[in-house]
Every structure is written in structure tokens, then in C-alpha cells.
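A closer look at the structure
Here are the chains, one letter per residue:
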Amino acid sequence: MQVLTILEALLAAAAMQSGDEPPLEESPPAEVAEASVEAPSEESDAFSGGAREGARWFRHLVVKRETVEQLALRYRVKASSLRSWNKLDEDEQPEEGAKLRVFSAITTPPREPVEYTLREGDTWVSISRPFGANPADVRRYNYYRVRRNLDPGEVVVVWSDPLIRDAIARDDPPPGPTAEVRPGGYSYGFPHRGQLVNGVRIPESDAYVLRYPNSSWGSTWAVRATVTALHGFRERSGYGGLVRLGTMSRQRGGDVGGHRSHQSGRDLDVRLPLRAELNQQLKPSKRRVDWLATWRLIDAFLETGTVKVIFFDYRRQKLIYRAAKESGVSEEELDAVLQWPIGRGELDGKVRHSSGHTGHIHVRFTCAPYETECVDL
Ligand SMILES: [Zn+2]
């Protein structure tokens, strides 16, 4: 909800700055106004996040290579609803230039074409990144014209999302470890059915170890939060052991063996910190874990303000609770974060029970305000 509010504010600001007509038509098509097409009911609406409240009909002009599935993410509606509102068959994709009917409260500005003149040494990746475009799409937009040779002086067209492009152009991270993480990596879709576009790798650091470098890729937003949290933890916790990071995502996201989510560059597994005097290669059994350091680690992630949820076994939350309480953390503070001792169904805090999460915490970050096709679940 909060992210959407920021998104809406950005959109309003963008609309005021450009002074242009709103990109989407206000008036519903006549047949829709007559309710021949039913708006989704509260229950049937698969997506949360404000798509329903204040929803209205408008038209979306389909740009090159846009799919129903992509638009469904963008407007937080079901792909099947989009198809039925627009009389598209199952698996049918709209033509470029088609005007699709959409019923949603989310009206993000559409992708825009930008012309780019090729320079010596350009690759599809180097062309796409500054615009926040997907290199695979940019190649497909232009392949028939420029073929394999990217000859300097030739012009290619990049369809890019204005919000992502602006975020890259205005990127100005504070000096320090986050500045090492380049802009432009963004999360697409769901944690359990998604992709990572122009992903960035968690940088090497003294503050932690990457156990799986090939699965240590994430969105700029999530990787910067990770770096901020772990450097903050090292500076403030007094912990002398080793923080070992597990899987985030693969470079382009998608399936990672052995994990249900971790597909869109904003899930991260962190092994529980072991007591500093132990061999740091050992498995994190109950008695080896430094539970106070675990609390401080969770706290460091939460402090970034970009955590959606942290999955961790309910019964083991008790050990965190006890250690933190003994060191003087108040019950109010603990209750605001952990489910223990209230119950594993409790939904107030960020830490949630999930079976199998006993030796590591699983941190899920929010979508960035500019990630228009990222769904926060
Ligand atoms: Zn995980």
C-alpha cells in the first residue's frame, strides 16, 4: 500500500511536469459503460495492492512486444480478465497499436520509444541498461533492421518504461558501499513466478561471504538494501563471526533449484550467525547460533525500511525473543517484529513462520516505487 502511494505520487508528479495529456483515455467505451463486460468483483480479483479501490475503465495502447501477462502485472488484474474484456482467445496476444480495455485504479505511464544511435563497442546489454529496458526485448525490437552487426551510427529504437528510466537517470546513491551497486536492475512479476531484468550481483565485501555467487543476483533496490543492512550490522552489532549469504536469484531470475520463490531478485537467504568462537563452517544448530546477533541481524534488515517479510520458524523465534529480551530489548519492540509468543498466525510483525526456515532467515524485500511490473506479495 505504501509503495503504491509513492508510485501514485511519482505518477502525479510526472504528469504535472510533462504537462501532456494523460496517456490513457478517461471515457469508457460505450459497450463497457453498459456493463456488457463485468468489472471484477472483490473476491475474483487475484491481485492486491489498490488495483480495485477507485478502479475505472480506460484504454491502454499496446506498444511493441507488450503481452497480456505483462499488462496484467502492470495493472494488477488477471490476465484472463484482460482477455475477456478484450475478446482475446486464450494465449492470444494483442497487436501492436491495439487499444485494450482495462479496469484498474493503477494508471502508470506507458512505455515510450527512445531512439538511440549506436556507438563503437555497443552490445544489446549496453544499449538497454541506461533505459531500464530488457536487452532481450531490445534485440527483438530491432533485430530485423540492424541484424547481428551493431554498426556505429545506426539508429535503434528502445521502448522503455518512463518510471524506471527516470529512476536510473536520477540515481544518486550516498557514498559508501551502496554506491558500488549500479542502478537499473529491476524485479518483474512475483517472487515465485518472476524475472530479474539487468540484475546486479551482491558486491564482495568484508562484511559477509557469498556462498553461491551465481545465485547472488538481485534488483538494485534489494541489493542496495542488503549491503546497507549488512554493513550496518557489522558496524553496530559487535558481532565477530561470519555472515554467510545463501541464495538470492540467478542473473536473469526465474527458477532456482530447491526454492519456490527467489525468482525475481528480491528474496535472500541468510544463514543464522554462529557464535563467533566456533568454526564458522559448521551447520547452524540451535546451540551454535548466536541468537542475540540473529535479532540484531533482523533489526538491521528492518531498519532499511524495505523489508516486506522475513520468513523464520515460529518455534525458533522463541530463542531470538529470549536472547533479545535478556539483553534489554523491550517486549513492545519484540512483539512488533516477532510472532512468538502470540501465535504463528499473528500478522502484525515482519517475521513470519515458514517451515524449513530453521537455519537461515529468508528476507523478502519490497518492490521499488519505480518497478511498475513488480508485484508485492
Ligand atoms: Zn529462501
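Residues numbered from 1 in each chain as written. Predicted model: local features only at pLDDT ≥ 70, side-chain atom pairs only at ≥ 80, totals over all residues.

**Thoughts on the overall build of the chain**
- Tallying secondary structure elements over the chain gives 11 helices and 14 strands in all.
- For the chain, buried positions account for 41% of its 377 residues.
- Sequence separation of at least 24 residues holds for 70% of the intrachain contacts in the chain that already meet a minimum separation of 6. (Helix = DSSP H or I, 4+ residues; strand = E, 2+ residues; numbered from the N terminus. Buried ≥ 20, exposed ≤ 12 C-beta atoms within 10 Å, placed from the backbone. Contact = placed C-beta atoms within 7 Å.)

**Considering the environment of Gly-199**
- Assignment of secondary structure puts Gly-199 in the loop between strand S6 (193–197) and strand S7 (200–201).
- In this structure Gly-199 comes out as buried when scored by C-beta crowding, with 25 C-beta atoms within 10 Å.
- For Gly-199, the contacting residues outside a window of four places in its chain are Gly-185, Trp-217, Gly-218, Ser-249, Gln-251, Arg-252, Gly-253 and Gly-265.

**Concerning the pairing of strand S11 (residues 267–271)**
- Burial analysis of S11 places five of its five residues in the buried class, which makes it a mostly covered element.
- Covered by surrounding structure in S11 are Asp-267, Asp-269 and Arg-271 together with Leu-268 and Val-270, the residues of both alternating faces.
- Direction of pairing for S11 relative to strand S14 (residues 360–365): antiparallel, over a ladder of five bridges. Considered in S14, the bridge of Val-270 is made with Ile-361. (Pairing = 2+ DSSP bridges.)

**Some thoughts on helix H8 (residues 220–237)**
- Between its first and last C-alpha atoms H8 spans 25 Å; for 18 residues at 1.5 Å apiece the expected length is 26 Å, and the two agree.
- Of all the positions in H8, only Thr-220, Trp-221, Ala-222, Val-223, Arg-224, Ala-225, Thr-226, Val-227, Thr-228, Ala-229, Leu-230 and Phe-233 are classed as buried.
- On its buried face, H8 is in contact with strand S5 (186–190), S7, strand S9 (217–218), S11, helix H9 (291–303) and S14.
- Taken from the residues just after H8, Gly-238 is the one with a positive phi, measuring 75°. (Expected span 1.5 Å × (residues − 1).)

**A look at the packing of H8 against H9**
- Following both chains from N to C, one finds H8 and H9 inclined at 135°, their axes separated by 8 Å at the closest point. By the angle between their axes, H8 is oblique relative to H9. Between H8 and H9 lies a crossing of right-handed hand. Contacts from Ala-229, Gly-232, Phe-233 and Ser-237 in H8 reach Ala-293, Arg-296, Leu-297, Ala-300, Phe-301 and Glu-303 in H9.
- Looking at the contact of H8 with H9, its residues break down into six nonpolar, two polar and two charged. (Axes fitted to C-alpha atoms, helices over the stretch in contact; angles between N-to-C directions. Parallel < 35°, antiparallel > 145°, perpendicular 65-115°, else oblique. Left-handed = near helix turned anticlockwise from the far one by under 90°. Nonpolar A, V, L, I, M, F, W, Y, C, P; charged D, E, K, R; others polar.)

**Describing the pairing of S14**
- Counting buried positions along S14 yields six of six residues, so the element is predominantly enclosed.
- Burial of the side chains of S14 extends over both faces: His-360, His-362 and Arg-364 are buried on one face and Ile-361, Val-363 and Phe-365 on the other.
- In this sheet, S14 lies alongside strand S12 (residues 307–311) in antiparallel orientation, the contact comprising four bridges. Residue pairing in the sheet places Ile-310 in a bridge with Val-363 of S14.

**What about the nonpolar core?**
- Formed by 71 residues in total, the largest nonpolar core has its most connected members in Ile-298 and Ile-310.
- Looking at which domains feed residues into this core, each of domain 1 (2–104) and domain 3 (172–365) gives three or more.
- Of all hydrophobic cores here, the second largest spans eight residues; its members include Ile-127, Val-138, Val-156 and Val-158. (Core = buried A, V, L, I, M, F, W, Y, C linked by C-beta atoms within 7 Å. Domains from an automatic or database assignment.)

**Topic: unusual backbone geometry**
- The omega torsion of the bond from Trp-340 to Pro-341 falls at 0°, within 30 degrees of zero and hence cis.
- The residue Pro-341 is located in the loop between helix H11 (331–335) and strand S13 (351–352) in this model.
- For Asn-198, which is not glycine, the phi dihedral falls at a positive 50°.
- Position of Asn-198 among the secondary structure elements: in the loop between S6 and S7.

**Let's talk about the environment of Ser-187**
- Structurally, Ser-187 can be placed in strand S5.
- When the 32 C-beta atoms within 10 Å are taken as the criterion, Ser-187 is described as buried.
- Ser-187 sits 179 residues away from Thr-366 along the chain, and the two C-alpha atoms are 9.7 Å apart.
- If we ignore the near neighbours within four places in the chain, the residues touching Ser-187 are Gly-194, Leu-196, Ser-219, Ser-264, Gly-265, Arg-266, Cys-367, Glu-371 and Cys-374.

**Points about the environment of Thr-366**
- Within the secondary structure, Thr-366 sits in the segment after S14.
- Linking Thr-366 and Asp-376, residues 10 residues apart in sequence, is a C-alpha distance of 6.1 Å.

**Points about the packing of H9 against helix H10 (residues 314–326)**
- Where H9 contacts H10, the axes come no closer than 8 Å and their chain directions differ by 95°. What the angle tells us is that H9 and H10 run roughly perpendicular. Counted together, Trp-291, Leu-292, Thr-294 and Trp-295 of H9 and Leu-319, Ile-320, Ala-323 and Ala-324 of H10 form the full contact between these two elements.
- Each residue belonging to the contact of H9 with H10 can be placed in one class, and the counts come to seven nonpolar, one polar and no charged.

**Observations concerning the confidence of the model for the chain**
- Taken residue by residue, the chain gives an average pLDDT of 87. The fraction at 70 or more is 86%.
- Every residue in residues 1–39 is under pLDDT 50, and counting partners more than four places away or in other chains gives 36 contacts. (pLDDT = per-residue confidence, 0-100.)

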